[in-house]
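Structure at a glance
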Amino acid sequence: MEERARGNVRFDGVITAGNLLSLIGMIGAVLTSVFYVAIEIGHEEEQITAEARIRDKSIENLQQQMVAERSDESERFAAIGRRIDESVDAERAVIAQINASLGQINTRLDTAIMSARMHAPEPSRP
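1. Some words on the packing of aromatic side chains
Aromatic rings considered in pairs are described by the distance between their centres and by the relative angle of their planes. On inspection of all chains with the given rule, the structure shows one aromatic pair. On the numbers, 5.7 Å between centres and 65 degrees between planes, the contact of Phe35 with Tyr36 is edge-to-face. The partly exposed category is assigned to Phe35, whose relative accessible area is 49%. The class of Tyr36 is exposed, set by a relative accessible area of 55%.

Right, here's the structure in full:
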């Protein structure tokens, strides 16, 4: 009785059918819990994989849109550059025509001045 009073537990070494059934039930419960946790982890993993695929596809679509927009912008800038070049060339042509006209006017003025000097009466001397 002293041993029981101290709180020690003694085993008699006999395993009964009840002990085995309890052990089998506990192992079954643990295995079932592990199985359900594994299934839940599998579902979570599938969801994460699906979300990653969706995000990758979204990123790919955004990159394609960016490439298309950059291409459009490049085309617009090229068109603007061509228009500017055409405008500059047209202005240069106008300036060249103006310079040619000014050259002709200068030539005519020089000719007119020279002919006026040649035909001008000599000033009288006192």
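Now that the structure is up, let's keep going.
2. A word on the pattern of salt bridges
The full count for this structure, using the stated rule, is one salt bridge. Here Arg76 ties to Glu73 by a salt bridge, and the two come within 2.5 Å at their closest N and O atoms. Of the two residues, Arg76 and Glu73 both sit in helix 2 (residues 17–119), three residues apart, roughly one turn of that helix. Take Arg76: its relative accessible area is 48%, and that puts it in the partly exposed class. Judged by its relative accessible area of 32%, Glu73 falls in the partly exposed class.

Rules used in this analysis
- Residues numbered from 1 in each chain as written.
- Predicted model: local features only at pLDDT ≥ 70, side-chain atom pairs only at ≥ 80, totals over all residues.
- Heavy atoms only, no water.
- Phe/Tyr/Trp six-rings, centres within 6.5 Å; stacked < 30°, edge-to-face > 60°.
- Buried < 20%, exposed > 50% of the residue type's maximum accessible area, 1.4 Å probe, protein only.
- Salt bridge = Lys/Arg side-chain N within 4 Å of Asp/Glu carboxyl O.
- Helix = DSSP H or I, 4+ residues; strand = E, 2+ residues; numbered from the N terminus.

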